[in-house]
Amino acid sequence: MSKSMTFATAPARRLVVLGAGLAVAAAVLGAPPAAAAAPPEGAYWHTRAVMTRLHPWQFGSKQDPYSLVERQVSERWTTPDGRSWYGYRDLGTLPATEKDKKAWQRDGSPAKWGKSIDGKVVKLSTEPAKGHVAPMRGERRQFHLAGQWLTYDEVQRLPADPNKLKDWLSRAGQVGEIPAARLGDWVTSTLPQLLYDLPAPKEVRAAAYQALLTSPKVRQAGAAKDTLGRPGTAVVIDESNGEGKKRTDVTMTLIIDTGRMVLLSRDQLVEIQDKAFPGKSYSETLTDVGWTDAQPAVPALP
């Protein structure tokens, strides 16, 4: 998704049973009747995301340690008939803060790291990698949502009403054998996917946003800007699990462009016993969400 707002998906055999197409699944999930889908606005539905993550280990010396931030960019292109390509590139590792930068400089400003202070083996570099792009194999040529495989036309027919959309997702979760006690959280965790991952109509994305706000674990946090300075509305999802020494708190902050109804960024903070757990915490900025005619290529440097 630690409880990172990602939940178990249904076994593959269950996905096939329901995901054979909404022509079959509609009767089970109550999808709307067939209607003419709006034509795609480009050759590919495209997302580009830049992620930063604090490395869980420290470097330098025990007397003068410093922390590093890892940065990656990933892209995905999907044609209306469901063919997908995935691109990835490591953007290089840098000191996390100004204080860390000074300690790194005192360490000789290394450009590569092979071990942490505690001797754990790593392979980190300040230089960006060459990156790669390739077709995604082993998946069905369809769009994946809530354990279901949907065609482009079926994505267009998803409910554009918040309550009906939640009901559709709940039914999908039941078919996928999501435990009843976790079904509400599972629906909450699934709704943001409609704001970037699939070429759903704007009306469906708006319904996903409105449905998200009805969750008891979701709160609006007012106007906000992402790391690129783009304005949006902050929505916070709070999740807690366990008690005492096993208590884990996950805070997911989404910044949503409510004009276009697309996700701009998401930051996840994981805390165990009120202490940050950097290995599961991250910040991700979606620099591109939408249709494009540009062909798949190795992700460019920011």
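What counts and how
Residues numbered from 1 in each chain as written. Predicted model: local features only at pLDDT ≥ 70, side-chain atom pairs only at ≥ 80, totals over all residues. Heavy atoms only, no water. Helix = DSSP H or I, 4+ residues; strand = E, 2+ residues; numbered from the N terminus. Buried < 20%, exposed > 50% of the residue type's maximum accessible area, 1.4 Å probe, protein only. Areas by Shrake-Rupley, 256 points an atom, 1.4 Å probe, with all protein chains shown as cover. Phe/Tyr/Trp six-rings, centres within 6.5 Å; stacked < 30°, edge-to-face > 60°. Axes fitted to C-alpha atoms, helices over the stretch in contact; angles between N-to-C directions. Parallel < 35°, antiparallel > 145°, perpendicular 65-115°, else oblique. Left-handed = near helix turned anticlockwise from the far one by under 90°. Contact = heavy atoms within 4.5 Å. pLDDT = per-residue confidence, 0-100. Salt bridge = Lys/Arg side-chain N within 4 Å of Asp/Glu carboxyl O. 1 Å grid on protein atoms, 1.4 Å probe; cavity = no way out; pocket = protein on both sides within 12 Å on 5 of 7 lines; lining within 4 Å. Points joined across faces, edges and corners; volume = space filled by probe spheres on them. Nonpolar A, V, L, I, M, F, W, Y, C, P; charged D, E, K, R; others polar.

The name that an unreviewed UniProt entry assigns to the protein is CU044_5270 family protein, with the source organism given as [Actinomadura] parvosata subsp. kistnae.

Student: Explain the overall build of the protein to me, please; I cannot follow it from the model alone.
Tutor: Across its full length, the protein holds 7 helices and 14 strands. A buried classification covers 47% of the 302 residues belonging to the protein. If you sum the accessible surface of the protein, you get close to 15,400 Å²; carbon and sulfur atoms cover 52% of it.

Student: For this particular structure, what's the right way to read the packing of aromatic side chains?
Tutor: For any pair of aromatic rings, the description consists of the separation of the ring centres together with the inter-plane angle of the planes. A complete count under the given rule lists 4 aromatic pairs for this structure. The interplanar angle of 80 degrees and the centroid separation of 5.4 Å between the aromatic rings of Trp45 and Trp291 together place this pair among those described as edge-to-face. Of this pair, Trp45 sits in strand 1 (residues 44-60) while Trp291 sits in strand 14 (residues 282-292), placing them 246 residues apart in sequence. Taking the relative accessible area as the measure of exposure, Trp45 reaches 6% and is therefore buried. For Trp291, a relative accessible area of 21% corresponds to the partly exposed category. Taking the centre distance of 6.2 Å and the plane angle of 65 degrees together, the rings of Tyr152 and Trp291 count as edge-to-face.

Student: Looking at this structure, I do not really get the packing of helix 5 (residues 162-175) against helix 6 (residues 183-190). What am I missing?
Tutor: Packed helix pairs are characterised by how far apart their axes lie and by the angle those axes make with each other. For the pair helix 5 and helix 6, the least separation of the axes is 10 Å and the interaxial angle reads 120 degrees. Judged by the inter-axis angle, helix 5 sits oblique to helix 6. Helix 6 is crossed by helix 5, and the crossing has right-handed handedness. Contacts from Lys166, Leu169, Ser170, Ala172, Gly173 and Gln174 of helix 5 reach helix 6 at Leu183, Trp186, Val187 and Thr190.

Student: Honestly, unusual backbone geometry in this entry has me stumped. Any pointers?
Tutor: Leave glycine aside and you will find that most residues have negative phi; peptide bonds, for their part, are mostly trans. Even without glycine at this site, Ala146 takes up a positive phi of about 55 degrees. Considering the arrangement of structural elements, one finds Ala146 in the loop between strand 7 (143-145) and strand 8 (148-150). With a phi close to 65 degrees, Glu177 is a non-glycine residue in the positive phi region. With respect to the helices, strands and loops of the structure, Glu177 is situated in the loop between helix 5 and helix 6. Judged by relative accessible area, which is 46%, Glu177 ranks as partly exposed.

Student: Looking at this structure, how should I read the confidence of the model for the protein?
Tutor: Interpreting fine coordinate detail is not advised for predicted regions of low pLDDT. The predicted model of the protein averages 87 in pLDDT, with 87% of residues at 70 or higher. Across the protein, the secondary-structure element scoring lowest on mean pLDDT is helix 1 (residues 12-19), at 32, and the one scoring highest is helix 3 (residues 98-106), at 98. Residue range residues 1-28 is modelled with pLDDT below 50. Its contacts to residues more than four positions away, or to other chains, number 56 contacts. Low pLDDT, under 50, characterises residues 30-35; the predicted model gives this stretch 8 contacts beyond four residues in sequence or across chains.

Student: What exactly am I supposed to notice about the pattern of salt bridges here?
Tutor: Charged atoms that come close allow side chains of opposite charge to pair. Per the stated rule, a full pass over the model turns up 12 salt bridges. In this structure, Lys217 engages Asp185 in a salt bridge whose closest nitrogen and oxygen atoms are separated by 3.0 Å. Of this pair, Lys217 sits in the loop between helix 7 (202-212) and strand 9 (218-225) while Asp185 is found in helix 6, placing the two residues 32 residues apart along the sequence. For Asp185, a relative accessible area of 15% corresponds to the buried category. If you follow the salt bridges from partner to partner, you end up with Arg182, Asp185, Lys217 and Glu239 in one network.

Student: Sorry if this is basic, but what is going on with the packing of helix 5 against helix 7 here?
Tutor: Where helix 5 meets helix 7, the axes come as close as 8 Å, and the angle between the chain directions of the two elements is 85 degrees. Put simply, helix 5 runs roughly perpendicular to helix 7. When helix 5 is examined against helix 7, the residues Pro162, Leu165 and Lys166 are found in contact with a partner set consisting of Val204, Ala207, Ala208, Gln210 and Ala211.

Student: Before we go on, may I ask you to explain the layout of surface pockets in this structure?
Tutor: Any empty space left between the atoms is revealed when a probe the size of a water molecule rolls over them. If you add up the space inside the second largest pocket, you get close to 280 Å³. Lining the second largest pocket are 17 residues, and of these Glu41, Ala200, Pro201, Arg205 and Trp291 sit closest to its centre. Counting only elements with at least two residues in the lining of the second largest pocket, the list comes to helix 4 (152-156), helix 7 and strand 14. A class-by-class count of the residues in the lining of the second largest pocket yields 10 nonpolar, 2 polar and 5 charged.

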